[in-house]
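# Descriptive structure summary
These are the residues of each chain, in order.
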Amino acid sequence: MQSFRQALRELCELGFQLLAPRCCCICQQALKAATGIERFVCRTCWDNLPVAPSPETLYNELLNFFTPDDLALSGVAALFSLREGTPAMRLIYAVKYYGLWDLGVELGRVVGSALSHLLPDVDGIVPVPIHPARRRERGYNQAEAIASGLAQVCHRPLYSRALRRRVATPSQTRLNAVERRRNVVGVFTAGDQALCVRSKTILLVDDVLTTGSTLNSCAEALLELGARRVFAVAIAKAM
Ligand SMILES: [Zn+2]
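Cut-off values and rules
Residues numbered from 1 in each chain as written. Predicted model: local features only at pLDDT ≥ 70, side-chain atom pairs only at ≥ 80, totals over all residues. Helix = DSSP H or I, 4+ residues; strand = E, 2+ residues; numbered from the N terminus. Buried ≥ 20, exposed ≤ 12 C-beta atoms within 10 Å, placed from the backbone. Core = buried A, V, L, I, M, F, W, Y, C linked by C-beta atoms within 7 Å. Contact = placed C-beta atoms within 7 Å. Expected span 1.5 Å × (residues − 1).

For the rest of this paragraph, the subject is unusual backbone geometry. Positioned with a positive phi, His155 is a non-glycine residue whose angle comes to about 50°. Within the element layout of this structure, His155 appears in the loop between α7 (142-154) and β3 (163-165). Look at His155 and you get exposed, because 8 C-beta atoms sit within 10 Å. Positioned with a positive phi, Ser199 is a non-glycine residue whose angle comes to about 65°. By the element assignment, Ser199 lies in the loop between β4 (188-190) and β5 (201-209). Taking the number of C-beta atoms within 10 Å as the measure of exposure, Ser199 has 8 and is therefore exposed.

Have a look at this one:
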């Protein structure tokens, strides 16, 4: 059944490419590359994406929002530094709202190759879960697409169902730092792969890091489930 679905998806993809050639998701220029990230973003746009601050700087920023006792994350890294509403942010919107699962996987591969040396030995990878109602609406969890690409290049197991989102929280986009923290308290709980994280160092994956409230809330849940330490990566740090 899975292979039939896969074949159908590839056939649709091929038909789509013949009818409408791929365009850069940032500048809309037509693309020719058949593999890698250049199937989705042109070289110029890709090279112009601003690099995120270092993991040390990002961690110090988290300490502006959390006391050391409240901070469940042991470290955090991001690839790019993006501002809401800018053309570069279309890279994230393409994965999140326009259903480009393959772009998410490709970004996960890039993140895995670029940042894995900055992160200590990781035993397993966990995407930030979305609520089942939102998953039905979107068709998939964008963090899981990124996490699956990352798991492929890092050769680590992917525990997509380690955590479960109990509450469909409203979007965090318009909330301030205090509201963001309040918005995600107690939202994440054990999923049916919860036992997999016990005594493990876990790498949490999300598309965007803003204040770190969502990632920290997930990290708290993972520590409660017995994880040893939790690090996090995101494609973009939202400025
Ligand atoms: Zn472009």
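Within the largest apolar cluster, 66 residues are counted, with the highest numbers of intra-cluster contacts made by Leu204 and Leu222. Here Leu204 is in contact with Val126, Val128, Leu215, Cys218, Ala219, Val230 and Ala232, once residues within four sequence places are set aside.

Taking 1.5 Å as the rise per residue, α7 with 13 residues should run 18 Å; its terminal C-alpha atoms sit 19 Å apart, in good agreement. In this structure, the buried residues of α7 make contact with α4 (90-96), α5 (101-115), β2 (124-127), β5 and β6 (229-238).

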